[in-house]
Amino acid sequence: MLSFATHDTRRLPVRIIEVSPRDGLQHEAVFVPTARKIDLINALSHTGVAEIEAGSFVSPTAIPQLADSDEVFLAIERIPGVTYSALVPNERGLERARAAAVRKIAMFTAASNSFTRHNIKATVHESLVRFKAVIQGAKRDGMLVRGYLSTAVWCPYEGRMAPLLVLDVMLRLLDLGVDEVSLGETVGRASPADIRALLDTVMTRIDPLRLSLHVHDTYGMAIANVLTAWGDYGITAFDCSAGGLGGCPYAPGASGNVATEDVVFALKASGASVPVDEALIVDCAHQFSTLVGHAPHSRLSQIPPARIRQPALKV
Ligand code: MG
């Protein structure tokens, strides 16, 4: 049930954080030409999403797919009301973000030491120490900061993660000054019961409006988890990717990020106010698919265009 909220946040519009240009493309094998990235981000800007994670300022040798993020940020059309964020790993990345006039950065850690060692070559503690100077610098410049907390339910190396461990990392992120926390269900096998156990624990200590859920759909549980988080806990921000772009690094051929269009449809069908046009998202998903060379991983992209839109219901 709603464990933290003193008012029913489900009446608020849902914020969709579109992660395909960053989290999606960095897991694809191909390099999408800069001009096409810019076109797609511009198209996503007109779908109603609240935020677009438009690039990453990690080392270009580590993530060559996003080596052009500086150029992308300086060229995209910035629509009022849409936030354009970038992943920043360190102070060098922050400098690049600043030069590209980025107003919101995202930093990455996890509940699992094995996962952070594998991904960012640091323990969770070391990653948080690294965050400190970056967050201070970002705040000095008036930037917003998002903290990714991955492996919030399952870790591919350590298995099931204890909710209290996730809570501990979340509190450290909040102490460091992040504005919001994105809980990542990285493996994509959590059930609604797992999401309840997680949210029952962490939502005692955070306003639901500062939480986002980032689910993957590897085992087909993502939509059920989104509906649980919204319907039972009043979570109103979800990270997702047009066409489920991004694949899945742990299960080749399986879906990774949950597809934005399916999330929007399911939430609207459940009575949520979601100011996103799912048909326009499907258009973007098809455009991405021609660039990365595989079909979108979503239900809605397989439905005839005339039957895609779900009329919003009242709560
Ligand atoms: Mg993801």
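Heads up: the structure comes first, above all this text.
Computed from a predicted structure; not experimentally measured. (Residues numbered from 1 in each chain as written. Predicted model: local features only at pLDDT ≥ 70, side-chain atom pairs only at ≥ 80, totals over all residues. Heavy atoms only, no water.)

Asks: Can you walk me through the overall build of the protein chain in this structure?
Replies: Helices and strands together make up the secondary structure of the protein chain, namely eleven helices and ten strands. Over its C-alpha atoms the protein chain spans a radius of gyration of 18 Å, differing by no more than 12% from the 20 Å that the globule rule assigns to 315 residues. Taking the principal axes of its C-alpha atoms as reference, the protein chain extends roughly 50 × 45 × 40 Å. The contacts of the protein chain with a sequence gap of at least 6 include a subset with a gap of at least 24, amounting to 76%. Surface exposure of the protein chain reaches about 12,500 Å², of which carbon and sulfur atoms provide 55%. Separation of charge centres in the protein chain, based on 30 positive and 32 negative side chains, amounts to 3 Å. (Helix = DSSP H or I, 4+ residues; strand = E, 2+ residues; numbered from the N terminus. Rg over C-alpha atoms; globule rule 2.2 N^0.38 Å. Contact = heavy atoms within 4.5 Å. Areas by Shrake-Rupley, 256 points an atom, 1.4 Å probe, with all protein chains shown as cover. Lys, Arg positive; Asp, Glu negative; His and termini not counted. Charge placed at Lys NZ, Arg CZ, Asp CG, Glu CD.)

Asks: Explain the coordination of the magnesium ion here, please?
Replies: Tetrahedral coordination by four donors puts the ideal angle at the metal at 109.5 degrees, and octahedral coordination by six puts it at 90 or 180 degrees. In this structure, Asp23 (OD), His214 (NE2), His216 (NE2) and Asn257 (OD1) serve as the protein donors to the magnesium ion, at separations of 2.0 to 2.2 Å. Considered as a linear motif, the donors of the magnesium ion on their single chain read D-x190-H-x1-H-x40-N. You can see His216 sitting in the loop between strand S9 (211-215) and helix H9 (222-233) and its partner Asn257 sitting in the loop between strand S10 (237-240) and helix H10 (260-269), a full 41 residues away along the chain. A single burial state applies to His216 and to Asn257, both of which are buried. (Donors = N, O, S within 2.8 Å, 3.2 Å for Na, K, Ca; no water. Buried < 20%, exposed > 50% of the residue type's maximum accessible area, 1.4 Å probe, protein only.)

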